[in-house]
Amino acid sequence: MKKNIIFTLGIILFSISIGFSQAKKPTLMVIPSDVWCNQNGYMTTYDNQGSITNVPDYKRAFQENAEVLQVISQINGLMSERGFPLKNMESAIKTLESNAAEDNMRTSKNSGSEVNESPIDALKKVAKADIIIQLTWTVNKTGPKKSISFNLQGLDAYTDKQVATAVGTGEPSFSAETSVLLSEAVLAHMDNFTETLQTHFDDMFENGREIIVRIQTWDDWDGDLETEYGDEGEELGYIIENWLDDNTVKGRYNTTDMTENMALFEQVRMPLFNDKGRAIDARRFVKELSDYLKSPPFSIPNKLVMKGLGRATLILGGK
């Protein structure tokens with residue numbers, strides 16, 4: 001009898017272990033925070049539609065500061081030990097450079113304008129990580145001893161909302177390297193941090209990833225969101241809401257604003273995977289709405305514009 005109980009318990013524990021091992025994990029990428037880059041002089045500027053904006057210069061930080069690579073490698077190792085897949089930031093930066101070379105040769109077919117995208121949005125798009133972990137660390141010196149104060153922020157890559165955090169200061173040491181001190185300081189907080197990340201991802205898996213969808217109209221279009229279609233004469237704005245009802249996870253979204261010329265939908269919960277189990281992003285999700293409106297009986301030409309990973313705008317009435 002006792003052997004049977006032990007055997008049964010072993011099967012249960014094994015089944016639980018298999019269940020956890022097969023659970024989908026969020027993909028992560030660790031980056032030095034804006035604060036750390038600013039404090040250490042690794043900033044650059046870019047033209048954001050006529051406004052000069054300061055952004056981190058990650059490439060120069062990796063090339064000039066060996067500590068960055070060591071510190072991020074330590075955090076990557078801690079996350080990897082807990083089964084979280086990681087994107088390599090150095091590889092993402094190299095891919096960015098290749099893409100930038102192509103973008104420099106690309107212009108709009110209508111206006112001749114160049115592609116406009118913020119560096120951090122470009123990095124997120126290349127990395128395709130679910131969660132960006134911003135890391136800030138400071139070396140404290142008291143006589144011959146050193147300690148590390150750190151701040152880990154887990155940010156949803158689509159919404160930039162903070163979904164997990166860990167803050168602390170490690171024990172002082174006479175000789176340990178910065179990366180080792182950081183690893184020791186973070187270790188006590190890592191399990192709670194990763195559990196919070198997983199909880200957020202589980203919520204996305206069950207209830208969908210949150211994005212923003214905006215509908216706009218070209219000023220030379222002869223229609224608007226109050227134009228009626230079909231035998232029942234339903235207005236276009238309600239038709240779009242019906243599509244969201246049918247295609248969001250559990251019909252979850254908020255109509256924040258709706259006029260004859262624009263609509264704003266927030267907290268739109270799109271699925272993480274399609275029917276074939278393949279990952280989809282906001283662009284592919286809203287492209288389905290774009291194709292729906294291009295088809296009869298609407299036959300509305302439109303242009304899909306992305307801003308970052310989680311904000312899509314559909315402009316009706318032309319390309």
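Look a little higher up for the structure.
Only a predicted model underlies this, so the values are computations on that prediction, with no experimental measurement involved.

Novice: When you look at the overall build of the chain in this model, what are you seeing that I'm missing?
Specialist: Helix and strand counts for the chain stand at nine helices and 13 strands. Looking at the chain alone, contacts between residues at least 24 apart form 61% of all its contacts between residues at least 6 apart. In the structure as shown, the chain presents an accessible area of about 18,000 Å², 48% of it carried by carbon and sulfur atoms.

Novice: For this particular structure, what's the right way to read helix α7 (residues 178-207)?
Specialist: Residues three or four positions apart in an α-helix share a direction because the helix packs 3.6 residues into each turn. Helix length check: α7, at 30 residues, gives a terminal C-alpha distance of 40 Å against a target of 44 Å (1.5 Å per residue), a fit within 8%. Of all the bends in α7, the largest measures some 55° and sits at His189.

Novice: So what exactly am I meant to see when it comes to the nonpolar core here?
Specialist: As a rule of thumb, nonpolar side chains are buried together in soluble globular proteins. Counting residues in hydrophobic clusters, the biggest one holds 72 residues, and the most contacted among them are Ile215 and Leu236. The greatest single-element share of this core, amounting to seven residues, is contributed by α7. If we skip the residues at most four places from it in the chain, Leu236 touches Trp221, Asp224, Leu225, Thr227, Tyr229, Leu293, Ile300 and Leu316.

Novice: Quick question: what am I supposed to make of the packing of aromatic side chains here?
Specialist: The geometry of an aromatic ring pair is captured by two quantities: the separation of the ring centres and the angle between the planes. Following the criterion strictly, the structure yields seven aromatic pairs and no others. Ring centres of Trp243 and Phe285 lie 5.4 Å apart, and the angle between their planes is 55°; this geometry places the pair in the tilted category. Of this pair, Trp243 sits in helix α8 (residues 236-247) while Phe285 sits in helix α9 (residues 282-294); the two residues are 42 residues apart in sequence, bridging distant segments of the chain. Classification of Trp243 as buried rests on a relative accessible area of 8%. Its relative accessible area of 2% is what places Phe285 among the buried residues. Here the aromatic residues Trp36, Tyr42 and Trp137 are joined through ring pairs into a cluster of three or more. Just above the ring of Phe84 sits the side chain of Lys25; from NZ or CZ to the centre is 4.8 Å. Positioned above the aromatic ring of Tyr158, the side-chain terminus of Arg209 is 4.0 Å from the ring centre.

Novice: Teacher, can you tell me more about unusual backbone geometry here?
Specialist: Backbone torsion omega between Pro296 and Pro297 reads 5°, so that peptide bond is classified as cis. By secondary structure assignment, the location of Pro297 is in the loop between α9 and β12 (302-307). Its identity as a non-glycine residue notwithstanding, Lys250 has a phi of 60°, on the positive side. Notably, Ser299 is not glycine yet its phi reads approximately 50°, a positive angle. The topology assignment puts Ser299 in the loop between α9 and β12.

Novice: Any chance you could explain the sheet that holds strand β4 (residues 131-142) here in plain terms?
Specialist: Either a parallel or an antiparallel arrangement is found when strands of a sheet pair, and the pairing is made through backbone hydrogen bonds. The strand order across the open sheet built from four strands is β1-β4-β5-β6, with neighbouring strands paired in mixed fashion. Two strands bound the open sheet, and with one partner strand each, they are β1 (28-32) and β6 (162-169). Shown here is a sheet whose adjacent strand axes are inclined to one another by a mean of 20°, direction ignored. Alignment of β1 against β4, held across five bridges, turns out to be parallel.

Novice: Sorry if this is basic, but what is going on with the pattern of salt bridges here?
Specialist: Note that side chains of opposite charge can pair when their charged atoms are close. Tallied over the full model, the rule gives ten salt bridges. Between Asp57 and Arg60 there is a salt bridge whose closest N-O contact spans 3.5 Å. For Lys124, the salt bridge goes to Asp160, with nearest N and O atoms at 2.3 Å. Of the two residues, Lys124 is situated in helix α6 (residues 119-127) and Asp160 in the loop between β5 (145-156) and β6; the sequence distance between them amounts to 36 residues. When salt bridges that share partners are traced, they join Asp57, Arg60 and Glu64 into one network.

Novice: Looking at this model, I keep getting lost on the environment of Ser118. Mind explaining?
Specialist: Relative to the helices and strands, Ser118 is located in the loop between α5 (89-103) and α6. Since its relative accessible area comes to 12%, Ser118 is described here as buried. Between the C-alpha atoms of Ser118 and Asn48, which are 70 residues apart in sequence, the distance is 7.2 Å.

Novice: Teacher, can you tell me more about the packing of α8 against α9 here?
Specialist: Between two packed helices, the angle of one axis relative to the other and the distance separating the axes together describe the packing. Between α8 and α9, the least distance of the axes is 11 Å, while the angle of their chain directions is 135°. Compared by their axis directions, α8 and α9 come out oblique. Every pair of crossing elements has a handedness; the one defined by α8 and α9 is right-handed. In contact with Leu236, Ile239, Ile240, Trp243 and Asn247 of α8, α9 contributes Phe285, Glu288, Leu289, Tyr292 and Leu293.

The rules we used
- Once a new chain begins, its residue numbering starts again from 1 and follows that chain's sequence as written.
- Only residues with pLDDT of 70 or above have their local features reported here, since the model is predicted, and side-chain atom pairs are shown and tallied only from 80 upward, although totals for entire chains, interfaces and linings are computed over all residues.
- Note that water and hydrogens are dropped before the side-chain values are worked out from all heavy atoms of the structure.
- By definition, any uninterrupted DSSP run of H or I lasting at least four residues is a helix, any uninterrupted run of E lasting at least two residues is a strand, and each is numbered from the N terminus.
- Any two residues having at least one pair of non-hydrogen atoms within 4.5 Å are treated as being in contact.
- Where accessible areas are quoted, they stem from the Shrake-Rupley method and a 1.4 Å probe; at the residue level, only the protein chains shown are allowed to cover.
- Under the convention used throughout, the expected extent of a helix is 1.5 Å for every residue step, that is, one less than its residue count.
- Axes are fitted to the seven residues ending at a residue and to the seven starting at it; the angle between these axes is taken as the bend at that residue.
- In these notes, a set of buried Ala, Val, Leu, Ile, Met, Phe, Trp, Tyr and Cys residues joined through side-chain atoms within 4.5 Å is what counts as a nonpolar core.
- Relative accessible area decides the class of each residue, using a 1.4 Å probe on protein chains only: under 20% of the type maximum gives buried, over 50% gives exposed, and in between gives partly exposed.
- The aromatic pairing rule takes the rings of Phe, Tyr and Trp, using the six-membered ring of Trp, and pairs them if the centres are within 6.5 Å, calling planes under 30 degrees apart stacked, those over 60 edge-to-face and the rest tilted.
- Charge over a ring is defined by NZ of Lys or CZ of Arg lying within 6 Å of the ring centre and within 35 degrees of the ring normal.
- Note on pairing: DSSP must find at least two bridges between two strands before they are called paired.
- The convention used is that axes are lines fitted to C-alpha atoms, helices contributing only their stretch in contact, and that angles between N-to-C directions extend from 0 to 180 degrees.
- Criterion for a salt bridge: a side-chain nitrogen of Lys or Arg within 4 Å of a carboxyl oxygen of Asp or Glu.
- Here roughly perpendicular refers to angles of 65 to 115 degrees, roughly parallel to angles under 35, roughly antiparallel to angles over 145, and oblique to all remaining angles.
- Crossing handedness is read from the near helix: turned anticlockwise from the far helix by less than a right angle, it gives a left-handed crossing, and turned clockwise, a right-handed one.

So yeah, pure geometry; function would need other evidence.
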